[in-house]
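Observations on the model geometry
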Amino acid sequence: MNRRSLLARTMAMMGAGALTQVLQLPFFSIAAVGLQEQPSAESQLKTLLSLFDFEAEAHKHISHGAWERIAGGAADEITLRWNREAYDHIRLKPRILVDVSKLDTRVKLFGQELPFPILLAPTGAQRFVHPEGEIAAAHGAAAANAIYVISSSASMKVEDIARSTKSPVWFQLYVQKDRGFTRDLVQRAEDSGCRALCVTVDSPTFGARNREERAKNELPERELPNLKGKDYLDPSLTWKDIDWLRSFARTPVLLKGVLNPDDAATAVTAGASGIIVSNHGARNLDTVPATIDALPLVVDKVAGRVPVLVDGGIRRGTDIIKAFALGASAVQIGRPYLWGLGIAGAEGVTRVVEILRREFEWAMALTGRPTIGSIDRSVLW
């Protein structure tokens, strides 16, 4: 609570006349009326030591409607639970007496060198979580030296978000029913500096998002300026549309939402620059596998021809090392940075990424893996 709010509440308890007399005392302070100032956002963030701490704290800051929207999954949320539980069931096999005094977490993706392999996945309508929305998230990612992926369903124009930061950004694309609008959107994203396109391919329609549906009336209507109308998903989307998109896109085209290994093989043949193993945050089709379970099957089919990224359920640095052991080239996080955004805006986003990065470095050191290249399946029990 800030000083103004504190004084207002104190006035209500004491009465204006009594409070005025207290304020006139030369020794007056907040403590003089028996109240303490609340800790600053910076000091509060320091008390949050894990992404699970952020989840618990964010629930206090984010409105119920927005919370149900970002936290919920599809139907009975079985896949939502599996996304997390699958990581818990994978055990690590450390090596001892390895020189880990210097750790190298750098990776290269599409000509870009990343200091560590954690990206911020596209999530929509972030102004529901924080007034500064996507711009705050992009700034938080930049402060942490992480790539931020702008969503087509962002609450701000892609140009405004991309140009608000000097750090690299990518763009997630829904190929919308209006192909002319879609083409213009791609060009807007590329012209504003987005360095890759992540094309969502798992959403001919949305799933049974019961939690979100129950709470939808608690959220105000928001304009989503990168989408044309509310009915923008195109159930007629096929591989030929990927060919069409590649015919004019100037940046690498990744396909986001691949689970089936056969689709991964087709994607490489179709010229995709990369694949993102994703089940849409478990928000579309329930009872599909956890992404970490699908990852090694996709990686085997791709056979090193293009990078394979993965999202879904990542909450610890040990999760990242498990993903790399199973063939990932990088990971993406979604809900965790929204928790940070809801608590403290850009600073909260930065803190979330920094915690996960530090945990990943600890996991590398404690398993005896000093470089990204030294992480392979032998690190798994």
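Details of the structure are given in the entry above.
Each value, and the rule that gives it
Residues numbered from 1 in each chain as written. Predicted model: local features only at pLDDT ≥ 70, side-chain atom pairs only at ≥ 80, totals over all residues. Heavy atoms only, no water. Helix = DSSP H or I, 4+ residues; strand = E, 2+ residues; numbered from the N terminus. Expected span 1.5 Å × (residues − 1). Buried < 20%, exposed > 50% of the residue type's maximum accessible area, 1.4 Å probe, protein only. Contact = heavy atoms within 4.5 Å. Polar contact = N/O pair within 3.5 Å; in protein donor to acceptor, adjacent residues only side chain to side chain. Pairing = 2+ DSSP bridges. Right-handed = clockwise from strand over helix to strand, strands pointing away.

With that settled, the discussion passes to helix α15 (residues 335-366). Under the 1.5 Å per step criterion, the end-to-end length of α15 is only 27 Å for 32 residues, more than 12% shorter than the ideal 46 Å. Within α15, 24 of the 32 residues are buried, which leaves it mostly tucked inside the rest of the structure. Phi turns positive one or two residues past the end of α15, at Gly368, with a value near 75 degrees.

A few words now on the environment of Arg369. Among the structural elements, Arg369 can be located in the segment after α15. What makes Arg369 buried here is its relative accessible area of 7%. With ten residues separating them along the chain, Arg369 and Val379 place their C-alpha atoms 8.5 Å apart. With sequence-adjacent residues up to four places away left out, Arg369 is seen in contact with Lys93, Arg95, Val100, Leu103, Met364, Ser374, Ile375, Asp376, Ser378 and Val379. Engagement of the side chain of Arg369 in a polar contact is seen with the side chain of Ser378, the distance being 3.1 Å.

Of the two faces of strand β9 (residues 308-311), the one carrying Val308 and Val310 and the one carrying Leu309 and Asp311 are both buried. Across three bridges, strand β8 (residues 274-277) lies against β9 in parallel orientation. In the sheet register, Val277 faces β9, and the bridge partner there is Val310. Between the parallel elements β8 and β9, the chain passes through helix α13 (residues 291-302) in a crossover that is right-handed. Alignment of β9 against strand β10 (residues 330-333), held across three bridges, turns out to be parallel. Across the sheet, Val310 pairs through a bridge with Val331, a residue of β10. Crossover connection from β9 via helix α14 (residues 317-325) to parallel β10: handedness right-handed.

It is worth stressing that arrangement in space is one thing and function is another; only the former is reported here.
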